[in-house]
Each structure stands twice: as structure tokens, then as C-alpha cells.
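For reference, the chains in residue letters:
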Amino acid sequence: MKLKHLVHCNRTYTLFEQSLWLADFFSIFLLPQFNMASYHFNSIEKNWQKFWAEHQTFKADNNSELPKYYVLDMFPYPSGAGLHVGHPLGYIASDIVSRYKRHKGYNVLHPMGYDSFGLPAEQYAIQTGQHPAITTEENIKRYRQQLDNIGFSFDWSREVRTTDAQYYHWTQWIFIQLFNAWYNKVSDKAEPISELIKKFETTGNANVNAVCDETKTFTANDWNAFTEKEQQGILLNYRLAYLSDTMVNWCPELGTVLANDEVKDGVSERGGYPVERKLMSQWSLRIAAYAERLLQGLDTLDWTESIKEAQRNWIGKSEGTSLRFALAQTDASIEVFTTRPDTIFGVSFLTLAPEHELVVQITTDACKAAVENYVTISKNRSERDRMADVKTISGEFTGAYAIHPFTKALIPIWIGDYVLAGYGTGAVMAVPAHDSRDYAFAKHFNLPIPQVVEGGDINVESYDAKEGLLINSDFLNGLEVKAAIKKAIEKIETVGLGKGKTNYRLRNAIFGRQRYWGEPIPVYYKEGVPYVVEEKDLPIALPEVDKFLPTETGEPPLARAQNWNYNGHAFETTTMPGWAGSSWYYLRYMDPNNANEMVGNAAVNYWQNIDLYVGGSEHAVGHLLYARFWCKFLKDISTVPFEEPFKKLVNQGMIQGTICTTYIYSYQNGLNEIFKCAISSELHAQLKSGNSEVANNLMAAQIGSSIADCQYVNEVNVPFEFFAAAAFEDFEGLKKWLNNTGNSVTHLIVGTDSKFQVKMETGKMSKRWHNVVNPDDICTQYGADTLRMYEMFLGPLQDAKPWSTQGIEGVHRFLKKAWRLFHNNTNEDFVLSDEAVNKAELKTLHKTIKKATEDIENFSFNTSVSAFMVCVNELQDLKCNKREILEPFLILLSPYAPHICEELWHLCGHSESIEKATWPVFNPGFLVENEFNYPISFNGKVRFNLNFALDMEPAEVEKAVLADEQTIKYLEGKTPKKIIVVKGRIVNVVI
RNA sequence: GCGGAUGUGGCGUAAUUGGUAGCCGUGCCAGACUUAGGAUCUGGUGCCGAAAGGCGUGGGGGUUCGAGUCCCUUCAUCCGCACCA
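Note that the structure is a prediction, hence the values are computed from the model and not measured.

Cut-offs applied
Residues numbered from 1 in each chain as written. Chains lettered and ligands numbered in written order. Predicted model: local features only at pLDDT ≥ 70, side-chain atom pairs only at ≥ 80, totals over all residues. Heavy atoms only, no water. Helix = DSSP H or I, 4+ residues; strand = E, 2+ residues; numbered from the N terminus. Buried < 20%, exposed > 50% of the residue type's maximum accessible area, 1.4 Å probe, protein only. Contact = heavy atoms within 4.5 Å. Near = heavy atom within 4 Å. Polar contact = N/O pair within 3.5 Å; in protein donor to acceptor, adjacent residues only side chain to side chain. Pairing = 2+ DSSP bridges. Phe/Tyr/Trp six-rings, centres within 6.5 Å; stacked < 30°, edge-to-face > 60°. Lys NZ or Arg CZ within 6 Å of the ring centre and 35° of its normal. Axes fitted to C-alpha atoms, helices over the stretch in contact; angles between N-to-C directions. Parallel < 35°, antiparallel > 145°, perpendicular 65-115°, else oblique. Left-handed = near helix turned anticlockwise from the far one by under 90°. Nonpolar A, V, L, I, M, F, W, Y, C, P; charged D, E, K, R; others polar. Expected span 1.5 Å × (residues − 1). Salt bridge = Lys/Arg side-chain N within 4 Å of Asp/Glu carboxyl O. pLDDT = per-residue confidence, 0-100. Core = buried A, V, L, I, M, F, W, Y, C linked by side-chain atoms within 4.5 Å. Patch = residues over 30% accessible without salt bridge, like charges linked within 9 Å, V, L, I, M, F, W, Y side chains within 5 Å. Areas by Shrake-Rupley, 256 points an atom, 1.4 Å probe, with all protein chains shown as cover.

### Things to note about the overall build of chain A
Assigned secondary structure in chain A consists of 33 helices and 35 strands. Here chain A holds 991 residues, and the buried ones make up 53% of them. Restricting to contacts in chain A with at least 6 residues of sequence separation, those with at least 24 account for 70%.

### Structural notes on the protein's contact with RNA strand B
Inspection of the region around RNA strand B gives 49 residues, with Ser318, Thr339, Arg437, Leu794 and Arg813 positioned closest. Among atoms of RNA strand B positioned within 4 Å of the protein, sugar and phosphate together represent 66%. For RNA strand B, a sugar or linking oxygen lies 2.7 Å from a polar atom in the backbone of Tyr418. Contacts to RNA strand B include Tyr423, whose side-chain N or O atom sits 2.9 Å from a phosphate oxygen.

### What to know about the pairing of strand 32 (residues 931–938)
In this structure, strand 32 lies alongside strand 33 (residues 941–949), joined through eight bridges in antiparallel fashion. Across the sheet, the residue bridging to Ile936 is Phe944, located in strand 33. Adjacent in sequence and paired antiparallel, strand 32 and strand 33 are bridged by two residues, among which Asn939 carries a positive phi angle near 50 degrees. As defined by bridge partners, strand 32 adjoins strand 35 (residues 986–990) across three bridges and the pair is classed as parallel. Within the sheet, the bridge partner assigned to Ser937 lies in strand 35 and is Asn988.

### Description of the packing of aromatic side chains
For the structure shown, the criterion picks out 64 aromatic pairs. Measuring from centroid to centroid gives 4.7 Å for Trp414 and Phe445, while their planes differ by 45 degrees, and the two rings are tilted. A residue pair is termed long-range when its members are at least 10 positions apart, and Trp414 in strand 16 (residues 410–415) and Phe445 in helix 15 (residues 436–445) qualify at 31 residues. Given the relative accessible area of 11%, Trp414 is considered buried. Aromatic pair Tyr524 and Tyr566: ring centres 4.7 Å apart, planes at 35 degrees, arrangement tilted. Taken as a pair, Tyr524 in strand 20 (residues 523–526) and Tyr566 in strand 22 (residues 565–566) lie far apart in primary sequence, 42 residues in all. Judged on exposure class, the residue Tyr524 and its partner Tyr566 are both buried. Each member of the aromatic cluster is reached from another via a ring pair, and the members are Phe175, Phe179, Trp283, Phe511, Trp579, Tyr626 and Trp630. The ring of Phe475 is capped by Lys491, whose NZ or CZ atom sits 5.0 Å from the centre of that ring.

### A word on the packing of helix 29 (residues 861–877) against helix 30 (residues 883–893)
Where helix 29 meets helix 30, the axes come as close as 12 Å, and the angle between the chain directions of the two elements is 160 degrees. In terms of orientation, helix 29 lies roughly antiparallel with respect to helix 30. The element helix 29 and its partner helix 30 pack so that their crossing is left-handed. Here Phe868, Cys871, Val872 and Leu875 of helix 29 lie close against helix 30, whose contacting residues are Ile885, Leu886, Phe889, Leu892 and Leu893. Its residues placed into classes, the contact of helix 29 with helix 30 shows nine nonpolar, no polar and no charged.

### What to know about the sheet that holds strand 34 (residues 978–982)
Strand order in this open sheet of four strands is 33-32-35-34, and the pairing throughout is mixed. Every other strand in the sheet has two partners, leaving strand 33 and strand 34 as the edge strands with one partner each. With strand direction ignored, the average angle separating the axes of adjacent strands in the sheet is 20 degrees. Contacts from helix 32 (residues 954–963) reach strand 32, strand 33, strand 34 and strand 35, with the element oriented near 125 degrees to strand 34.

### Comments concerning the pairing of strand 16
Of all six residues that make up strand 16, five are buried, and the element is covered over most of its length. With three bridges joining them, strand 14 (residues 349–352) and strand 16 adopt parallel strand pairing. For Leu352, the partnering residue across the bridge sits in strand 16 and is Ile415.

### What to know about helix 2 (residues 41–55)
Compared with an ideal rise of 1.5 Å per residue, which puts 15 residues at 21 Å, helix 2 spans 21 Å between its outermost C-alpha atoms and is within 8% of the ideal. Within helix 2 the residues assigned to the buried category are Phe41, Ser43, Ile44, Glu45, Asn47, Trp48, Gln49, Phe51 and Trp52. In the segment just after helix 2, Gln56 is the residue with positive phi, at about 45 degrees.

### Quick look at unusual backbone geometry
For the bond from Leu538 to Pro539, the omega torsion is -5 degrees, close enough to zero to count as cis. Looking at the element boundaries, Pro539 is found in the loop between strand 21 (529–532) and strand 22. Even without being a glycine, Gln56 presents a positive backbone phi close to 45 degrees. In this fold, Gln56 is placed in the loop between helix 2 and strand 2 (68–73).

### Overview of the pattern of salt bridges
Under the counting rule described, the total for this entry stands at 38 salt bridges. Close ionic contact of Arg293 with Asp636 constitutes a salt bridge, the shortest N to O distance being 2.9 Å. Taken as a pair, Arg293 in helix 10 (residues 291–297) and Asp636 in helix 20 (residues 623–636) lie far apart in primary sequence, 343 residues in all. With relative accessibility at 12%, the residue Arg293 sits in the buried group. With relative accessibility at 9%, the residue Asp636 sits in the buried group.

### A closer look at the environment of Ile197
With respect to the secondary-structure elements, Ile197 resides in helix 7 (residues 193–203). Residue class for Ile197 comes out partly exposed when judged on its relative accessible area of 23%. When neighbours within four sequence positions are excluded, Ile197 is seen to be in contact with Trp223 and Leu235.

### Regarding the side chain of Glu841
Along the chain, Glu841 turns up in helix 28 (residues 839–857). Among the polar contacts made by the side chain of Glu841, one reaches the side chain of Lys882 at a distance of 2.8 Å.

### Comments concerning the confidence of the model for chain A
For chain A, the mean per-residue pLDDT works out to 83, and 84% of the residues sit at or above 70. Segment residues 666–672: pLDDT under 50, and 14 contacts once partners within four positions in sequence are set aside and those in other chains are kept. This stretch, residues 705–735, has a pLDDT under 50; its non-local contacts, to residues over four places away or in other chains, come to 67 contacts.

### Quick look at the nonpolar core
The biggest cluster of nonpolar side chains holds 97 residues, and the ones touching the most others in it are Phe511, Leu587 and Trp630. Within the second largest apolar cluster, 86 residues are counted, among which are Tyr39, Ala93, Leu147 and Ile778.

### Thoughts on the sheet that holds strand 22
Taken together, the four strands give an open sheet; going across it, the order is 21-20-23-22, and neighbouring strands pair in antiparallel fashion. The sheet is open, and its two borders are formed by strand 21 and strand 22, each paired with just one other strand. In terms of strand pairing, strand 20 meets strand 23 (residues 569–571) through two bridges, oriented antiparallel. Bridge pairing links Tyr525 to Ala570 in strand 23.

### Comments concerning helix 9 (residues 228–236)
Within the span of helix 9, buried status applies to Gln231, Gln232, Ile234, Leu235 and Leu236. Residues of helix 9 that are buried sit in contact with helix 6 (165–179), helix 7, helix 8 (220–225), strand 7 (241–251) and strand 21.

### Points about the environment of Thr407
Tracing the chain through its elements places Thr407 in the loop between strand 15 (396–403) and strand 16. On the basis of relative accessibility, which here comes to 44%, the residue Thr407 falls in the partly exposed class. When the C-alpha positions of Thr407 and Phe345 are compared, they lie 7.9 Å apart, and in sequence the two are 62 residues distant.

### A word on the environment of Trp607
As for its placement among the helices and strands, Trp607 is situated in helix 19 (residues 601–607). Residue classification places Trp607 among the buried residues on the basis of a relative accessible area of 0%. Counting along the chain gives 545 residues from Trp607 to Asn62, while the straight-line C-alpha distance between them is 8.1 Å. For Trp607, the residues in contact, after removing those within four places along its chain, are Ala60, Asp61, Asn62, Lys68, Tyr69, Asn107, Val108, Leu109, Arg158 and Met590.

### A word on the packing of helix 2 against helix 31 (residues 898–907)
Packing of helix 2 against helix 31 leaves a shortest axis separation of 9 Å and a crossing angle of 85 degrees. Our classification of the angle between helix 2 and helix 31 gives roughly perpendicular. Taken together, the residues of helix 31 that come into contact with helix 2 (itself represented by Ile44, Glu45, Trp48, Gln49, Phe51 and Trp52) are Pro898, His899, Ile900, Glu902, Glu903 and His906. Looking at the contact of helix 2 with helix 31 residue by residue, the classes come out as six nonpolar, three polar and three charged.

### Here's the deal with a nonpolar patch on the surface
Together, Val942, Ile980, Val982 and Ile986 make up an exposed nonpolar region whose accessible area comes to about 270 Å². Among the structural elements, Val942 can be located in strand 33.

In C-alpha cells form, the structure reads like this:
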């Protein structure tokens, strides 16, 4: 018996939705095939977004019996440019996982918030005088609207913003804990500084094994006799947050110092401004204390190998030994660090960094002038110059000699800026035969190159490999490198010249920024000594200032604040870096409104660490390393119960845009200038089609902005004569000429007759390239469900892919097809059948359940989209509109396309959100086949197919295949050498 | 230089993990219904070839009955790091 249900949609609509309906209503006249039951994604989506918000459908409960699942997206900075289609890619993936896990019975924490301190808002404030808080608020509003448009299942009741005083209260609190802690190497964890003070008071520092800056040994009596100021000065050498004079990356253009990871290729990551080395008094965090734990922890994480490698590389562990070289002329000695103590007999000179403290002391009078000159030059070189210039070998002889610890030979001491002051001891024992840098130095200055390991050709290049037998090396002769290293360390240790040592490249992180728009550091100064404020006085609110610029005396903007002090004592005027607030935000989401603690015990014990973290790989060594560091510290002080914040990390690939560039020339001020200029693909199309009026308008806007934005303009002055000669045709010649001027020009398109030739390439989507695609536009045109599915359909989540709207129609068509499954032929009425299902329908459904489930577990979202398409195609062929099939299908599809599924789910007669429905259970029984169409191959080449029962034994299959006349044809009278039958797979006949 | 990743139709991609290469979608070709199509539906579409057949997963080699998948080698592109002793 056929039973058809007509279910009518019954609800009230807001004015806004009515107006959307109205628009659809008119479209009926314009497009006659439209009718009331068509897929009106705009009104459907708005309606359910409102429903979810009103019903708090995605609110996570801190008191739940259910297992927890914590899905987090990387903290976004709400930029003024808003979201482009690349941003939501990861959010869509994590949203799908969140919705899936809810269907699977998990209590899911899926929050969102804003990392809202940052440079752009402050730069804007400097330019316009508008308070960054206002800019930030506006940007957040826009972001929120855009996010809401896409239908994410965030629990917005837990939103946090780093700029909220209630939030940075706890960022400041963590700083205070860091200030009040030191790292005990014995227990291998951070401990309260009060414990350390007790040790100093009772036994001095001789028995303290701490991670600290070098400090003199003192007894308890010494300590107790020190003044308060002296004591505090010493404690700063131990605190995990400390003030010290350090070499910093100073960026004059930004007016602030930068952390190492904020500097790329010698220029600032943001803005690309030059960075120089400068000695400044700065707050830093002793992250290096955690180097080994940060390294070891990586092995426990489910992250991509490339990110783990990047962190390992950044931490840069190397094992070796320290070794002291006595000086020939004075009592002093030089300590070096080497990973190749086996090559000790191959040392032919020592090299010190120009900044090395002994340089002045040891340089002989004869060499003084040259050395001083060299030191001055290398000091004044910017980081960028130094990096750009690695090939040039430079150095000076100091005139001094060290004594070889074993041969007692005199070894000349040089200085050279290939030796870094900041790594190891700032001094190396040069073994030119087995280190390419020492080799280049020795060749350049004609120094001896004694070989001590067999292998390679020392006349041509150094032999750096760690294999071979030791020669010319006294007690090491005949040993393999590895054994020799071990023996050399033993010997060095027994004679007391040094000891085995591990070095890390990881530097302590500079924590202060000379900026306004950041968290105030909760520190005040009493007689020049820094103290942290009392916890009860937190938060230290960001004060108002008249201007967001440094003071006339060069102090940070906070120094402008009036009457801003702590009981009459001056506050610290630097603010925290951008990564402070984002290093612990994932904890605040667990308990966002807790006024007494950064996170409550019950909350953090329930939610634990993040099960899935989704974000871009650009945070490989910055955010991800700092957050891990803080997590370990918070574990040490028992605030959190885990060592690692992010168990699984997935990096979404960048969605790229098309970049159209052209070179234009302009004749200004008597000079011809060439500009590299990005144009939108729209302008490109207009130029191509010769629509000069539209093109001219666009061009004025785009080229105008490119030229104004000189940062991105490759500006070259070209003499007019060149143009006259080249007549705009000799592009190669012009390119060559430009390259000779030192400008790297990879492509050059200057057209004649005001026609432009344009180079198309894929690259970052950005305002500067005029290629940003706004997700709002896609939502308006196709709907959020289409956007969500299309972004997933584009390819594997991790891959970078260019945005193109080519395939979006197909995805949209799929949703319309799915919609039609629930409607009758004329698409007028919702029709769902309660008829019994058949085998074919069950097979289609369960195939899809299997695939959809596996794919989400494997983060393979693109393949499940195509599985849904296959499913709908098959159900359409089967003319299936049965409840027993379509309802489970809706649940499968709902994480991807939540709005349409919710709409159809309610049309099916449900009153509760589809979100509450249980994930369908896969039954393999429905996929069982009893026959298989075997491909029959000959020597691996498939020729035809034969149908056999699946329970047929291989021997029988073989017999049947050989009996087949097609087989006889392909055998050409020969006897098969061998026949392979793989049950349910393939038959291969070997002739 | 070191490290990581990726190479498959015109395009985005897929392939039960060693078993029929090209699923799904675009694009293209043809057709149906249409006053119309930027709606919908049907068929075709890796390349060469009239067909039989041959060739095909960046290139070259190997293992195997069988290789996109495993091994060696090489090339190309992208992304990190880069004088770290």
C-alpha cells in the first residue's frame, strides 16, 4: 500500500524573511518555474540561523555525563578587511566535525572569539586618531555578521576577546606567575620564586641548579647582606619573566621590538620594514628553560610532520661538548662549544664573534686598529645586510694565540662575523677540513687545513660527513667518528677541560612591545627595581592617552598616560606582544565568565586539552610554540592537568586567488617610471574585451591605489631614451636592463597603444592584489550551504587551492537535487513516503553512511561530498522518496549543509533540531553481494569481465575462466604458465 | 645548502591501501522538454586510431602474476629554515 504524506510548513516569518519571500514571489513572474516549494536558500538559512540562536542549540554544558570533545579554530584577528572565502575553510571543516560529534553523542565545545589586540588597529589609530577599541569593535561586528552568515555551530555564549579587561586580567595574572617562578633543573619544572629565596637565605646559590643567566656564586650570608635592590637584581636572573639588557630586533618603522619569529629575512613580518639589532632593557620570558620538554612533547602529538619539523628546527637541539682553550699570553681562557670533539686535532684556529667579550682584552696592539675597525663595521651592519652577505667572507686576526689542549701547539685567534654571538659561547674551534664554513674562512685567509677524518678530497671542499676513520689524531686514531666523539668527550671531561653539553638554538622570547594596543604588563618600579602588582589589583587597565605615538623622548605610548601609577610608583610602559593573549585563550573558553580564576578546576578537568585544532601552518613556530610553553608552565603550577594543549592539529591549505599583474609606465617629473601593478580579474576581462570606459574607471581606482601604496610598488626609474629605443617591444631587453639596475623583475608586460599584457598567477588572496572574494557574496548568490559544501568539495583540506567559481554550480545543483527528492515531480509539494524500503535503496544509504562516517574521521571532506552526490544520483534513479532512507540521509548531510537539512528535517515532521538526531548506524549486511564481476586479465592487462558467485573457490573460478571462449581466444593456443585468482578482486592469467 | 610537501584528463580531483586508473563535479559535444534558458533531464567525453588495437598517473630504472600505490634514481613546483659550530 502506498501512503504519501503531505506535510505543510507551518511557522511565522519575520518581516525580513517576508521581504525575502517577497523577492522570491516576484521572481515567480520572472522565472515561471519557481514556485512556493522551491529551494529558497536565503530565507531558509536566515530562518534556521535565527532558530539556532534563539534555542541556543549549540550551547555546551560544563556539567555533563556525556563524553567531551573540544574542537577549536585558531584565534582570528578581526582585521578591517573582513573575511574572504579562504578564512572559513578551516572553520567549515571544524564545524562539520563538531556537528558530527554531537550526532555521535558527544558534548562538544566549539567556541569562537577574537584575538583583538594588534598592530593594524593601532596603525589606523595613529593615522586617524580613532581609538583602536572603536576600530576593533567595528571589525568584530563585521566578522560576526560574516561568520553568522555561514551558519557555524559556535557556542557564542563563550566568546572571549583578548582586549576585554576581564580577559587580560588573567593574561596579566599568568605574567605574574611567570615573574614569581624559576626553573628548577633538578625537578625539571617551574617552582615558586619564594622557595628559591628560602634556599638563598639558608644555603646561598651554590647548590641551586636553575635555568638562569650567569650569576656569581654567593653564600647565605652574602645573600642576607645584599641590599633589596641587589637581591631583586639577582632574582631577575632566575625569574621566568625577567627584565634584562638584551640584543633585540628593533624595528624603527614600527617603533617596537620584535620576537625572532616576527622577523622574516631580516625585515618585519608585518609590513616588511627593516629590523636592526639593538641592546635594550627588555622583558623576556625564559622559554629556553622548556626547550627539552617542548622538543620531547612533539613526539606525543598528532600533528603534521612538517610543523613538528619546523618546531624541532626552531628549538635546534645539538649535542656536543664545551671545551676550554687556554690563552698563550694571559691567564684567561676561551670556551667553545662543538658537536665534533673528535676533530680536536684538526683545529687550526679559533674564531670569536666580533661581539665576544674577550676581543678587546686579547687583541694585540699591532692588530688593534684593524680589529676595532672590523668590530665597528659588523656592529653597524643591519641584520638584513648580514644575511644577504653570507657568501662574503670577512674576519680579522687578533694577534693572540691559544694553546691546543693536547698538542700544546699555538693556535691563532681570529674574529669573524660568521660566528654568532648569541649561540653557544660565541666562539668556535675551527676545523677547516671538516666544517664547510671554517673551510671557506681558512681558504680565504690562507690558514692550514689539517685533515683528521678519512674521506672526501680536502683540496676541493671540506669533508663534513660524520663517518670515516680518524687520522693524525693521537689517541683517537683509527676510531670511527661516532666512537671518537664519545672517547674525546670522556678525555676532555677527565682532564677537566670541559664537559658534554647540549645546546639549543631556541632563544628566550622578548615579551615587551613599545606599543599602545596591547595588554599592560602588570609591573611597577620602585627605585628602578621592577615589582609585579598584587593579584587583587588586577586587571591593570589600559590607560587612555592623548596620542597613540611614542613620547617626544622616545618612550612608549603608555608613558603619555596621565596619573597612571601604582600607589605613586610608575608603571611599566611597554605592553605585551600579540601572542600573549592567544597563548592561553583555549582555556578561557572552558570557563569564560569565571571572575575568580582564569579557569575553574572542574571545567578544565572536564574539558581537558583540545581534541582537534584547525588553523593555518603560518603559526608553526610562533603561536603553537608559545601556547605549548605556557601550557607546560601552567601545568607546573598546577593550573591545568595536561602538558600539551593541542592533541591533534590540522592545517588547512590556503585558498588562493588569481593575481593579475601588469607593468605600467608613467612619465612624471621628467622621468619615466615603471610600476608593477596588480589589477582585478574583472579589470583584466574589461581590458581584454576592450570596454575602455569601464576599464578606465577601474584602472584609475586600482592603479591609483597601487601607486599610492608605494610599499608594494616596484618602482624603477628608466631613462626616456631607453623607451625610445625599445619602442615598448623589446620586453626582454627592458627586463634585462631592469635586472641590471638591481631590481629583480621576473615578468614585464608593457604594452603599446595603451594595451596591457597581463600575467596571471595564483597567489594569496589579499586586498593589495584586488582579488578578494567575499563569502557574503557567495552566500547571497548560492547560499551558505552551497558555500560550505563547495569549499569542502574543492579538494583535500590540507592542500592549497586556487579559488574558482567554476564548480560551484555543480554543488548548488546537487542541493537542489537533494531538495527535489523530497518533493513531487512538479516540485510543488513536499512528499515523503512511508513505504517499505528495498535492498537497492538500503545499499545506497548504507554505502553513504559508511563513507560519510569514515571520511569525517579521516578529515577527508571532499570525498564525502562526492559520496553524497553519488547517493542523491542513485536515489533519484531509484525514484526513492522513502522516509526510512531520506531521514538518515539528512542526518549524514546535515554537518555539511545544516540549513537545508534542518528545513527538510522539520518538513519531515520533526519539531526538534536535526542537531539532536543520532548518527545513523552502518550495517554492513546491506552491502553484501553474492556475485562479483571478475576482471579477467592476461599478463596484467584486463581483457573482459566474468560474473561468478563470491563464494566460488579459486580453483573453480580458474576452471570456469579457462573454459570461457574469450579466454581461449586470448590464449592463442598457448598454455598458461600460472593463473592467479584473488577472491572478490581479480583473475590474472600469466602466459 | 638543509628540512617538509606535491606532481594523475582541458580544469578541481578520486582510486577498497599492491588488484578493472580517471569516481564526483566542472568544462566541452550531442539530444529531449521548451516562446526562451543562466531551469531541468538523457547520452557521450583520458590520448592516438575508422576499427581491431595501442599508449597512458613528471622522467628513467627495479621488485611483483599484477605498481598511481613499494624500492632506487632523476626532474619540476610550492612551503619552511638557513653561517646554529
